[in-house]
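The chain contents come next:
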Amino acid sequence: MPDDKFSSVTGASSELSDEKLRPHTLESFVGQSEIKKQMHLFLNAAKKRKKTADHILLSGPPGLGKTTMAFIASEEMQVPMRITSGPAVQHPGDLASILSSLEEGEILFIDEIHRLPKVAEEMLYIAMEDFRVDVMVGKGPGAASIPLALPHFTVVGATTREGMLPSPLMTRFGLSLRLDYYKPEELAELVKRSAGILSISITEGACMELARRSRGTPRIANRLLKRVGDWVTVENIKAADEEDVKKALEIYQVDPCGLDRLDIALLSALELQFNGGPVGLKNLAAVLGENAETIESVAEPYLIREGFMARTRKGRVITPKGRRHLSVGRRDLFSD
Ligand SMILES: Nc1ncnc2c1ncn2[C@@H]1O[C@H](COP(=O)(O)OP(=O)(O)O)[C@@H](O)[C@H]1O
Ligand SMILES: [Mg+2]
């Protein structure tokens, strides 16, 4: 998660509280057609066999729909879901008590699963494989470990850092889905859906303009839509068009390509402090005062995918497109 310093209207730091916007079925989940197909087949097979579904791993940058997909799995399977996260599990005992209280068929959603402590991780993959947890009873020399059988359950793990999961844990997932940034057309559809739910009137062209500025991310698209909704209310507008979107988002300094402040800070540091690179992640992180993990899992994937920067064997470099983007931004800043 980005540091507060960089949080802005496009920042990924605060959860969008609006439950109304969360799709509850695979059908209403916009975009990601391949993933939906796989999920549909997988869940349907389990339902037809009347068996607990195999474990599922969802990976990808923040705000792309991992938590939403976990909720959808629980609704489609019509099973309850228990929610925890890697950082919330401080001691293996915490995990043991969650595991031993699960019901048959229940989903255990573990957000940020890559941040589970090592011992808990080991306990988890035994539980996932053998549906068993070893509980320690007593202390000191008299302590004994007693195996406790668990009901069959489904772990849905979410992670922004798939690469950080140890392979024994990785191999326990029967399905691993990687969510990718959304295309502008998909986000435009999402914005249209959300605008309907929130009763914000907005033209098709405006949906597309908003989509282009949403950094490929549903959470950002929804948040920007709400700010456009504020504009519509305050300015007494019938239906927001492209110009309204531009004007409203200018107030929040949303970049025309959807880059947020961390993205721009990163590109600027590459260009100005490091002469365009190559530079190592650690040095970049130090200059930005940001942790390396955030840079690697939150900012870089989008910048690299969109061709603003690249990762070479020698380090990170800015691309001509990245450089152009910075100079256009600066011209805008210093004109009139
Ligand atoms: N494919 C989608 N279709 C519609 N809305 C979505 C989709 N993916 C995400 N959202 C919306 O974006 C918000 C962020 O999604 P979330 O599942 O919390 O992301 P993640 O867990 O990957 O950070 C949710 O509130 C949800 O309303
Ligand atoms: Mg989430």
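Residues numbered from 1 in each chain as written. Chains lettered and ligands numbered in written order. Predicted model: local features only at pLDDT ≥ 70, side-chain atom pairs only at ≥ 80, totals over all residues. Heavy atoms only, no water.

### A short note on the site of ligand 1
(1) Moving on: Taken together, 17 residues lie around ligand 1, and Val 30, Gly 63, Lys 66, Thr 67 and Thr 68 are the ones closest in.
(2) Moving on: Within the backbone of Leu 21, an N or O atom sits 3.3 Å from an oxygen atom of ligand 1.
(3) Moving on: Measuring from an oxygen atom of ligand 1, one finds a backbone N or O atom of Leu 64 at 3.3 Å.
(4) Moving on: Starting from 560 Å² of accessible surface for ligand 1 in isolation, the protein chains cover 97%.
(5) Moving on: The residue inventory of the shell around ligand 1, partitioned by class, reads nine nonpolar, five polar and three charged.
(6) Moving on: When residues of the shell around ligand 1 are assigned to domains, at least three map to each of domain 1 (33-178) and domain 2 (184-251). (Near = heavy atom within 4 Å. Polar contact = N/O pair within 3.5 Å; in protein donor to acceptor, adjacent residues only side chain to side chain. Areas by Shrake-Rupley, 256 points an atom, 1.4 Å probe, with all protein chains shown as cover. Nonpolar A, V, L, I, M, F, W, Y, C, P; charged D, E, K, R; others polar. Domains from an automatic or database assignment.)

### What to know about helix α6 (residues 184-198)
(1) Moving on: For α6, built from 15 residues, the straight-helix expectation of 21 Å at 1.5 Å per residue is met to within 8% by its first-to-last C-alpha distance of 20 Å.
(2) Moving on: Regarding α6, the residues found buried are Glu 186, Leu 187, Ala 188, Leu 190, Val 191, Ser 194, Ala 195 and Leu 198.
(3) Moving on: Buried positions along α6 lie against α7 (204-212) and α8 (218-234).
(4) Moving on: Just downstream of α6 lies Ser 199, where phi reads positive at about 55°. (Helix = DSSP H or I, 4+ residues; strand = E, 2+ residues; numbered from the N terminus. Expected span 1.5 Å × (residues − 1). Buried < 20%, exposed > 50% of the residue type's maximum accessible area, 1.4 Å probe, protein only. Contact = heavy atoms within 4.5 Å.)

### As for the environment of Pro 147
(1) Moving on: The residue Pro 147 is located in strand β5 (residues 144-149) in this model.
(2) Moving on: The sequence separation of Pro 147 and Met 136 amounts to eleven residues, and the corresponding C-alpha distance is 8.8 Å.
(3) Moving on: Not counting chain neighbours up to four residues away, the residues in contact with Pro 147 comprise Arg 132, Val 133 and Asp 134.

### Concerning helix α3 (residues 92-100)
(1) Moving on: Looking at α3, one finds that the buried residues are Leu 95, Ala 96, Ile 98 and Leu 99. Buried positions in α3, seen along its axis, are confined to an arc of 165° and lie on one side of it.
(2) Moving on: On its buried face, α3 sits against β2 (81-85), β3 (107-111), α4 (118-130) and β4 (132-137). (Arc of directions from axis to C-beta.)

### Some thoughts on the pattern of salt bridges
(1) Moving on: All chains considered together, the criterion is met by 25 salt bridges.
(2) Moving on: Between Glu 296 and Arg 316 there is a salt bridge; the shortest N-O distance is 3.9 Å. Of this pair, Glu 296 sits in helix α12 (residues 292-305) while Arg 316 sits in strand β9 (residues 315-318); the two residues are 20 residues apart in sequence, bridging distant segments of the chain.
(3) Moving on: For Arg 316, a relative accessible area of 9% gives the class buried. (Salt bridge = Lys/Arg side-chain N within 4 Å of Asp/Glu carboxyl O.)

### Some points on the domain arrangement of the chain
(1) Moving on: For the chain, the assigned domains read domain 1 (33-178), domain 2 (184-251) and domain 3 (261-334).
(2) Moving on: When each unit is reduced to the centre of its C-alpha atoms, the spacing between domain 2 and domain 3 is 28 Å.

### Remarks on the confidence of the model for the chain
(1) Moving on: For the chain, mean pLDDT is 91; residues scoring 70 or higher make up 92% of the total.
(2) Moving on: Across residues 1-17 the pLDDT falls below 50, and counting only partners more than four positions away or on other chains, this stretch makes 48 contacts in the model.
(3) Moving on: Scored below 50 in pLDDT, residues 331-336 makes zero contacts in the model with residues more than four places away or belonging to other chains. (pLDDT = per-residue confidence, 0-100.)

### As for the pairing of strand β1 (residues 56-59)
(1) Moving on: Residues of β1 alternate between two faces, with Ile 56 and Leu 58 on one and Leu 57 and Ser 59 on the opposite face, all of them buried.
(2) Moving on: By the bridge criterion, four bridges tie β1 to strand β6 (residues 154-159) in an arrangement that is parallel. Along β6, the bridge assignment pairs Ile 56 with Val 156. (Pairing = 2+ DSSP bridges.)

### Here we look at the packing of helix α11 (residues 281-288) against α12
(1) Moving on: Remark: α11 packs on α12, axes separated minimally by 9 Å, with the N-to-C direction vectors making an angle of 95°. One finds that α11 runs roughly perpendicular with respect to α12. Along the contact surface, α11 presents Leu 281, Leu 284, Ala 285 and Leu 288, while α12 presents Ala 292, Ile 295, Glu 296 and Glu 300.
(2) Moving on: When the residues that make up the contact of α11 with α12 are grouped by side-chain class, the tally is six nonpolar, no polar and two charged. (Axes fitted to C-alpha atoms, helices over the stretch in contact; angles between N-to-C directions. Parallel < 35°, antiparallel > 145°, perpendicular 65-115°, else oblique.)

### So, the side chain of Lys 36
(1) Moving on: By secondary structure assignment, the location of Lys 36 is in helix α1 (residues 33-49).
(2) Moving on: Although Lys 36 lies buried, it forms no salt bridge, and the closest oppositely charged side chain, Glu 189, sits 6.4 Å away as judged by the N-O distance.
(3) Moving on: One polar contact links the side chain of Lys 36 to the main-chain carbonyl oxygen of Phe 29, over a distance of 2.6 Å.
(4) Moving on: Other than its neighbours up to four places away in sequence, Lys 36 contacts Leu 26, Phe 29, Val 30 and Gly 31. (Lys, Arg positive; Asp, Glu negative; His and termini not counted.)

### Examining unusual backbone geometry
(1) Moving on: Of the consecutive residues Gly 277 and Pro 278, the connecting peptide bond is found in the cis state with omega at 5°.
(2) Moving on: Along the polypeptide, Pro 278 turns up in the loop between α10 (261-273) and α11.
(3) Moving on: In this structure, Gln 32 takes a positive phi of about 50° despite not being glycine.
(4) Moving on: The residue Gln 32 is located in the segment before α1 in this model.
(5) Moving on: Overall, Gln 32 belongs to the buried group, its relative accessible area being 10%.

### Some thoughts on the packing of aromatic side chains
(1) Moving on: One pass over the full model with this rule turns up two aromatic pairs.
(2) Moving on: Ring geometry for Phe 131 and Phe 153: centres 5.3 Å apart, planes at 90°, overall edge-to-face. Here the residue Phe 131 occupies a position in the loop between α4 and β4, and Phe 153 occupies one in the loop between β5 and β6, the gap between them amounting to 22 residues.
(3) Moving on: The ring of Phe 308 is capped by Lys 321, whose NZ or CZ atom sits 4.6 Å from the centre of that ring. (Phe/Tyr/Trp six-rings, centres within 6.5 Å; stacked < 30°, edge-to-face > 60°. Lys NZ or Arg CZ within 6 Å of the ring centre and 35° of its normal.)

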